[in-house]
Amino acid sequence: MRKLSDQIRMSTKERLLIALGLVLALIIGVVAVLNENYAITFVPIMLLAFVIYLILVFRDPFFGLVILIIYCFVLFFFYREIGHLPYGVGIEFFLLMTWLSVWYNADKLNFSLLNTNLTWLYMGWLALCILQLFNPAGGSPRGWLAEIRGMGIYPVAISGLGLLLINSKERISQILKLLLTISFLGALYGMKQKYIGLSAGDRQFVEDFPTHLIWGQLRVFSFYIDAGQYGASMAVFVVVALVLAVGLKNTKIKLALLASVPLFGIAMLISGTRGAFFALIAGGGFALLLTKKFKILLAGCVILGLFVGFLKFTTIGSGNYAIFRFRSALDPKDASLNLRFINQKKLADYLSSHPFGGGLGVIGAFGHEYNADQYLSTIEPDSYWVKVWAQTGIVGFTLWFCMIMYLLGKGLGITWGIRDPNLKVKLIALNAGIAGIFACSYGNEVINNMPSNIFVNLAFAMVFNAAALENAVRNNKTE
């Protein structure tokens, strides 16, 4: 990405547009004061910001991708604190504007980067999701439209932008820094909720969703959609930060990452999310496998084994609610776990005669809202794996599961083939993060919600682009 000073260097036409925005802002501000309607003053601020955004995004679509990433992390903060507006539509807006900028700057981009297995597999999955509109189970088209966004459209649109725009080692580093920085701020805001107090919007959210207050203990959610998403994300960034801290050579960056690891760990625990355990184990285990070094793999497996044994076979620390909640992930007698098994038995009975499932949007939140007359809407999925199974049947679930496993395996091979040690360690961190999110999505809806959705799809794009970057370097050396 070009330096900020280069990005904001504007032409005469662009300066005139901003000047016009300032004049309109001043006029609206004066009218607001004269009429004592101070809420109107937000209009000129938003208008000016929008003009500046348009100028910058069409100068460089990478700027649009950065804004999209930030928005996907903080949109639920706006939802809770400013008002229950359809902020989810903002994702489509920023996606559309960035893709329009890609079209506008097409002569500067290499579209051959889109020709990857990642793109074609995602396109095939999107086609299957589109065909679900005609599922004979008869789900509502509105439910299908609401569900297909996160399930089919976002993976294609986001990974496509990643392949086109994160097209250098420098940009991979910039995106990783951005993801780590926002996650660090998310961890701090979670600490604020736990140890200082909740805002008015946060308190209302806890009242509306009482599962975030169990036995008088707050399940921290920060500015994420819920505690499940927050805890899983923090667990993933424990792994990401630790991998980068161990592998990178820059001392200042190494120390900063090492300092962030315990913060991410505490944030993970105070979320009260048991699914975070699986993100931690799966992500850590995959990172060890990616090192391809037997001694490190063996030592890591021993440490992970001791960690699991500590949780499973001891009660040390159970007086702390966060540790007790985390430990319950390994309790086969846990009431919540057994309720999930009961629900999955009901789904298995229904889906035995519905190999293509009940259609998109028939289960979970969209099921309650758009398909209340459908049997599947009465059963809580409590898992994205289960949700895919319920909506697309055993046929769709098998295809989805095999697709993700193939992409993880391909990422493994790409990473092993990278010679640049700094790039390799970044790919290990990204692949480990994907594996962690995929694993914990068995226990919660994680991979389909923001910001995990954008993290996974951009991470896949960066991994696949790394192969092209490595090949380009090798070809230049042989010429």
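Described in the following lines is the structure provided in the data block. (Residues numbered from 1 in each chain as written. Predicted model: local features only at pLDDT ≥ 70, side-chain atom pairs only at ≥ 80, totals over all residues. Heavy atoms only, no water.)

1. Some words on the overall build of the protein
Keep this limit in mind: Each helix is a run of H or I in the DSSP string that is no shorter than four residues. Each strand is a run of E no shorter than two, and both are numbered from the N terminus. Exposure categories follow from relative accessible area, calculated using a 1.4 Å probe and restricted to protein chains: below 20% of the type maximum is buried, above 50% is exposed, and the middle band is partly exposed. Between two residues, a contact is recorded if the distance between any of their heavy atoms is within 4.5 Å.
When its secondary structure is counted, the protein shows 19 helices and two strands. Taken over 479 residues, the protein has a buried fraction of 51%. When contacts within the protein are restricted to residue pairs at least 6 apart in sequence, long-range pairs at least 24 apart make up 75% of them.

2. Points about the pattern of salt bridges
Two side chains of opposite charge can pair, provided their charged atoms sit close to one another. Note the threshold: Here a salt bridge means any side-chain nitrogen of Lys or Arg lying within 4 Å of a carboxyl oxygen belonging to Asp or Glu.
Inspection of every chain in the model, using the stated rule, returns seven salt bridges. Salt-bridge contacts for Asp 420 lead to Lys 169; the nearest nitrogen and oxygen are separated by 2.8 Å. Taken together, the residues span a long stretch of sequence, with Asp 420 in the loop between α17 (384–417) and α18 (421–440) and Lys 169 in helix α8 (residues 169–195) at a distance of 251 residues. Among the ionic contacts, a cluster of salt bridges with common partners joins Glu 147, Lys 387 and Glu 445.

3. A few points about helix α4 (residues 61–81)
Each turn of an α-helix holds 3.6 residues, which means side chains three or four residues apart point in the same direction. To be explicit about the condition: The span one expects for a helix is its residue count, reduced by one, times 1.5 Å. Contacts described as polar in this section are N or O atom pairs within 3.5 Å, which, within protein, must combine one atom able to donate a hydrogen with one able to accept it, while residues neighboring in sequence count only if both atoms come from side chains.
When the terminal C-alpha atoms of α4 are compared, their 29 Å separation across 21 residues agrees well with the 30 Å that a helix rising 1.5 Å per residue should span. The element α4 is extensively covered by neighbouring structure, given that 15 of its 21 residues are classed as buried. For α4, the side-chain oxygen to backbone nitrogen distance between the N-cap and Phe 62 is 3.0 Å, and the N-cap itself is Asp 60. At the exit of α4 stands Gly 83, carrying a positive phi of roughly 150°.

4. Looking at a nonpolar patch on the surface
Worth spelling out the cut-off: A residue counts toward a patch only above 30% relative accessible area and without a salt bridge, and it is joined to like-charged neighbours within 9 Å or, for Val, Leu, Ile, Met, Phe, Trp and Tyr, to nonpolar neighbours within 5 Å. Here the Shrake-Rupley method, with its probe set to 1.4 Å, supplies the accessible areas, and only the displayed protein chains count as covering residues.
The grouping of Leu 96, Leu 100, Trp 103 and Tyr 104 at the surface amounts to a nonpolar patch, some 500 Å² of accessible area in total. You can see Leu 100 is positioned in helix α5 (residues 88–104). Assessed through its relative accessible area of 33%, Leu 100 is described here as partly exposed.

5. A look at the environment of Ser 452
Following the sequence through the fold, Ser 452 ends up in helix α19 (residues 452–478). Exposure remark for Ser 452: the relative accessible area of 3% places this residue in the buried category. Spatially, the C-alpha atoms of Ser 452 and Phe 438 are 9.5 Å apart, while their sequence positions differ by 14 residues. Look past the residues within four positions of Ser 452 in its chain and what remains in contact with it is Gln 229, Ile 437, Val 446 and Ile 447.

6. What to know about the packing of α17 against α18
Note the following rule: Only the contacting stretch of a helix is used when fitting its axis, a line to C-alpha atoms as for every element, and angles between N-to-C directions run 0 to 180 degrees. Convention used here: angles under 35 degrees read as roughly parallel, angles over 145 as roughly antiparallel, angles from 65 to 115 as roughly perpendicular, and any remaining angle as oblique. Less than a right angle of anticlockwise turn of the near helix away from the far helix marks a crossing as left-handed, whereas a clockwise turn marks it as right-handed.
In the contact formed by α17 and α18, the axes pass within 11 Å of each other and the chain directions differ by 165°. Taken together, α17 and α18 sit at an angle that is classed as roughly antiparallel. As α17 packs across α18, the resulting crossing turns out to be left-handed. Along its contact with α17, which presents Trp 385, Trp 400, Phe 401, Ile 404, Met 405, Leu 408, Gly 411, Leu 412, Ile 414, Thr 415 and Trp 416, the element α18 presents Lys 424, Leu 427, Ile 428, Asn 431, Ile 434, Ala 435 and Phe 438.

7. Here we look at the nonpolar core
What counts, and what does not: Joining through side-chain atoms within 4.5 Å is the link that ties buried Ala, Val, Leu, Ile, Met, Phe, Trp, Tyr and Cys residues into a set, and such a set is a nonpolar core.
Membership of the largest hydrophobic core comes to 133 residues, with the highest contact counts inside it found for Leu 65, Leu 68, Ile 69, Ile 91, Leu 347, Trp 400 and Phe 455. In terms of residues, this core owes the most to one element, α17, which gives 14 residues. Ignoring sequence-local partners within four residues, the contact set of Leu 347 consists of Ile 363, Leu 376, Ile 379, Val 386, Trp 389 and Ala 390.

8. Brief notes about the packing of aromatic side chains
Short version of the rule: Two rings from Phe, Tyr or Trp (for Trp, the six-membered ring) form a pair when their centres sit within 6.5 Å of each other. Planes less than 30 degrees apart are called stacked, planes more than 60 degrees apart edge-to-face, and all others tilted.
Counted under the stated rule, the structure contains 30 aromatic pairs. Between Tyr 71 and Phe 94, the ring centres sit 5.0 Å apart and the planes meet at 55°, which makes this aromatic pair tilted. Taken together, the residues span a long stretch of sequence, with Tyr 71 in helix α4 and Phe 94 in helix α5 at a distance of 23 residues. Each member of the pair Tyr 71 and Phe 94 is classed as buried.

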